[in-house]
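Below, each chain spelled out in residue letters.
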Amino acid sequence: MSPRPRVYLLSPKAYPPEVIAVAFAKTSRSPEPFDAIAAELNADQSRRFHEKWVVGYGHASVAEHAVLHIAVEGVSRLAMEALEAPRLASYTEKSTRYQRWQDDDFVTPPELVGHPAEARYRATIRHLVRTYQQAWEPLRAAIARRHPRREGESEARWDRRVRSRFADVARFLLPAAAVANVGITINARALAHALRQWLAHPLAEVRAVAQRIKDVALTETPTLVRYAEPNAYRAYLQEDFALRAGAVAAAERFPPTAVHLAHYDADGEVRVLAAALAARARGPYTAYVQHVAGLSAEARRDLAAALLGTRGPHDAPPRALEMAVTTWDLVMDQGAYYEFKRHRMMTQLPQALGVDLGYAVPRLMREVGLEDAYRAALDMAAATYDHLARTLGPAVAAYVVPNAYNRRVLAHMNLREAFHFVELRSAANAHFSIRRIALGMAERLRAVYPALMAHLRVPATTAADLEAAHFAALAERPGPAST
Ligand SMILES: Cc1cc2nc3c(=O)[nH]c(=O)nc-3n(C[C@H](O)[C@H](O)[C@H](O)COP(=O)(O)OP(=O)(O)OC[C@H]3O[C@@H](n4cnc5c(N)ncnc54)[C@H](O)[C@@H]3O)c2cc1C
């Protein structure tokens, strides 16, 4: 008789995270059930196990079974970029759409406290925040006129329906110093890796928050994160490659191209379709490559339709799409980048936040008569950025840069993630800044992979339509500050 399956939880209410990790790890050598193993363990035995196996012999995956939920509050959105960089973790944070920033919701970074530039920095942040706050009601009123409350519609329901239309515009003025809260769920292995990067980060705020995170993590996982020390190699790379890159003459970078498909697998469709067949067959992959490469365009379209055309609304595209990769040189406003960075199933290499790629002007800002005030605030931010970059370096200067400024990011992703990103972020409820990027990517993908991308589900609008509808300008060079 075959044994009856047992399925149960090793609950964190019953066992500390490090004990759970050891209970799972011991199944490798012990025939005992997990709960019996866990019942025999205590914190001290678990510590010794982790010291020997995880730390000593490098059986590091054991630490993935110890999971922490870390609440982080009052951290700048600039520091948040570092905290959210690890891909093997989950995050949820304060939304610029559903919350409104108040006068004191901004960080003065430790590097600036007591520095001669502190007063100028604070004045600039204050000015940006005031402009953001002053814009809120006129933007809201303009949207209310265009989208009045329906009969019987409650204030709350109407607000939910239209809020994105004005909050998404006001947010362009929020600087990277704006504070946010984030909930992080992360396993101890990923956390130890992240701590090494965070503790060596160029920003003092990130290093200080990292130390706090390490301190609180030590109370639950005393062994698994104990040896996380600053990663000197990362710090070296940061400095050395900034110097090397500075010596390379780059092509003219203004005005920036929003969506450039820098590289794609020319035989991507063949690879994907061949992999889809090979995964369900017995022969070698190359045989199916040869078969698909020999198909007519029509037969290839039919095969792609069979693969993707029957996908239900909640079905992810199949893994075979991971066989083709694309590399993108993207320029988007910082608000869009802040959302883009949350996509973990791709490689992202963002350039530092600065002001040299210019700023976007949302059309609604012009329509409500606030364009001059908006531009003046952004010009002031750029002048303060330049001053801070000269005196304290570009990393600290980035705190003063608002969401309106453009940011370049190199992104590398397979077609499965491209499907996910483009479909999610081109949807009508997404912010127009990121929709524009997603739609631009959809257009390029369709040009190079017509059979597969015929099944990409995107709204019937183009990036150019969206830009015309929502932006008065996409990349304006900052002028001299007048405020
Ligand atoms: C309408 C909308 C509102 C949003 N509001 C907020 C908000 O208020 N606050 C906020 O913080 N974020 C918000 N987000 C961001 C959102 O929570 C995601 O972080 C972001 O969209 C990235 O999407 P993803 O996790 O699906 O994709 P990716 O990270 O690109 O991953 C691709 C896919 O891989 C899988 N995957 C990746 N990592 C994991 C994992 N760790 N566990 C399980 N599966 C995984 C999932 O299937 C996922 O869809 C919002 C997004 C949308 C679209």
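Scroll up a little and you will see the structure.
What you are looking at is a predicted structure, and each value in this text was computed from that prediction instead of being measured.

Asks: Where do I start with the environment of Leu349 in this structure?
Replies: Locating Leu349 in the fold gives a position in strand β6 (residues 347–350). The exposure class assigned to Leu349 is exposed, which follows from its relative accessible area of 51%. Spatially, the C-alpha atom of Leu349 lies 39 Å from that of Lys13, the residues being 336 residues apart in sequence. In contact with Leu349, not counting residues within four places along its chain, are Val409 and Leu410.

Asks: So what exactly am I meant to see when it comes to helix α15 (residues 371–392) here?
Replies: The periodicity of an α-helix, 3.6 residues per turn, causes residues three or four positions apart to be oriented the same way. Over its 22 residues, α15 runs 31 Å from end to end, which matches the ideal 32 Å to within 8%, given 1.5 Å per residue. Gly393 sits one or two positions beyond α15 and adopts a positive phi of about 100°.

Asks: Sorry, what's going on with the site of the ligand here?
Replies: The ligand sits among 13 residues. The nearest are Glu93, Arg342, Arg344, Glu417 and His420. One of the side-chain N or O atoms of Arg342 is found 2.7 Å from an oxygen atom in the ligand. The contact in question runs from an oxygen atom of the ligand to an N or O atom on the side chain of His343, over 2.9 Å. Sorting elements by how many residues they give to the shell around the ligand places helix α17 (residues 415–425) first, with four residues. Residues of the shell around the ligand, tallied by class, amount to two nonpolar, six polar and five charged.

Asks: Can you walk me through the pairing of strand β7 (residues 359–362) in this structure?
Replies: Side-chain direction in a regular strand flips from residue to residue, so the side chains alternate between the two faces of the sheet. Side chains of β7 alternate between two faces, with Tyr359 and Val361 and Ala360 and Pro362 buried alike. As judged from the three bridges shared by β7 and strand β9 (residues 471–476), these two strands associate in the antiparallel manner. Among the inter-strand pairings, Tyr359 is bridged to a residue of β9, identified as Glu476.

Conventions we followed
- Residues numbered from 1 in each chain as written.
- Predicted model: local features only at pLDDT ≥ 70, side-chain atom pairs only at ≥ 80, totals over all residues.
- Heavy atoms only, no water.
- Helix = DSSP H or I, 4+ residues; strand = E, 2+ residues; numbered from the N terminus.
- Buried < 20%, exposed > 50% of the residue type's maximum accessible area, 1.4 Å probe, protein only.
- Contact = heavy atoms within 4.5 Å.
- Expected span 1.5 Å × (residues − 1).
- Near = heavy atom within 4 Å.
- Polar contact = N/O pair within 3.5 Å; in protein donor to acceptor, adjacent residues only side chain to side chain.
- Nonpolar A, V, L, I, M, F, W, Y, C, P; charged D, E, K, R; others polar.
- Pairing = 2+ DSSP bridges.

What is shown is where atoms sit, not what they do.
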